[in-house]
Amino acid sequence: MERAGDGGAMAAALRAAKQQLRAELRQRLRALGAAEKQRQSRLLGRKVIGHPKYQESKRIAIFLSMPDEVQTEEIIKDIFKQGKECFIPRYKAQSNHMDMLKLSSAEDMSSLALTSWNILQPSDDDTAREEALAGVKLFCRSCSHCSFNIYNLSDVIL
């Protein structure tokens, strides 16, 4: 049982562990060659696209990859090829807030703004895009009130 006052120490320990894990993962990613990153991205992409949860979903949220991450462009192209709706994150500066905004096509990615973190996302003044999570409670895994399914990547990989 957690004692009063332990919450701050536990939160600090968790933040430190996350930072250490992120640093280790960055180091491992840097050690991989470009061909190996591309190979692993293709394998993961095939796994995601072939997964029953992906196949049954009509609305899919996905991140736009940076060079050192799993490449998601082929998955995004498949989302549109299959007639699904695609939502991408827009992070708010100086905040933990994130919106999931609709991407109209794979080509729509070229119209996105590049943030100071080198992340492509809809600009702050882009108000015409549908917001996927408006009115949806984030603790839902499969919301019965809408057609938006929320899955962790680990649901697909396992």
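Structure: see above.
Residues numbered from 1 in each chain as written. Predicted model: local features only at pLDDT ≥ 70, side-chain atom pairs only at ≥ 80, totals over all residues. Heavy atoms only, no water.

Enquirer: Lay out the overall build of the protein with the relevant residues and their values.
Expert: Within the protein one finds five helices and five strands. Scored against the burial criterion, the 158 residues of the protein give a buried share of 28%. Considering only contacts within the protein whose residues lie at least 6 apart along the sequence, 56% involve residues at least 24 apart. A total of about 10,900 Å² of accessible surface is found on the protein, and carbon and sulfur atoms cover 55% of it. (Helix = DSSP H or I, 4+ residues; strand = E, 2+ residues; numbered from the N terminus. Buried < 20%, exposed > 50% of the residue type's maximum accessible area, 1.4 Å probe, protein only. Contact = heavy atoms within 4.5 Å. Areas by Shrake-Rupley, 256 points an atom, 1.4 Å probe, with all protein chains shown as cover.)

Enquirer: How would you sum up the pairing of strand β2 (residues 85–91)? Please name residues and give values.
Expert: With five of seven residues buried, β2 lies mostly within the body of the structure. Bridge count for strand β1 (residues 59–61) against β2 is three bridges, and the pairing is parallel. From the neighbouring strand, Ala61 faces β2, where its bridge partner is Phe87. After leaving β1, the chain enters helix α4 (residues 73–81) and then returns to the sheet as β2, a path that is right-handed. Alignment of β2 against strand β3 (residues 98–103), held across six bridges, turns out to be antiparallel. Following the sheet pairing, Phe87 is matched in β3 by Lys102. In this antiparallel pair of consecutive strands, β2 and β3, the connection spans six residues, and Gln94 shows a positive phi of 55°. (Pairing = 2+ DSSP bridges. Right-handed = clockwise from strand over helix to strand, strands pointing away.)

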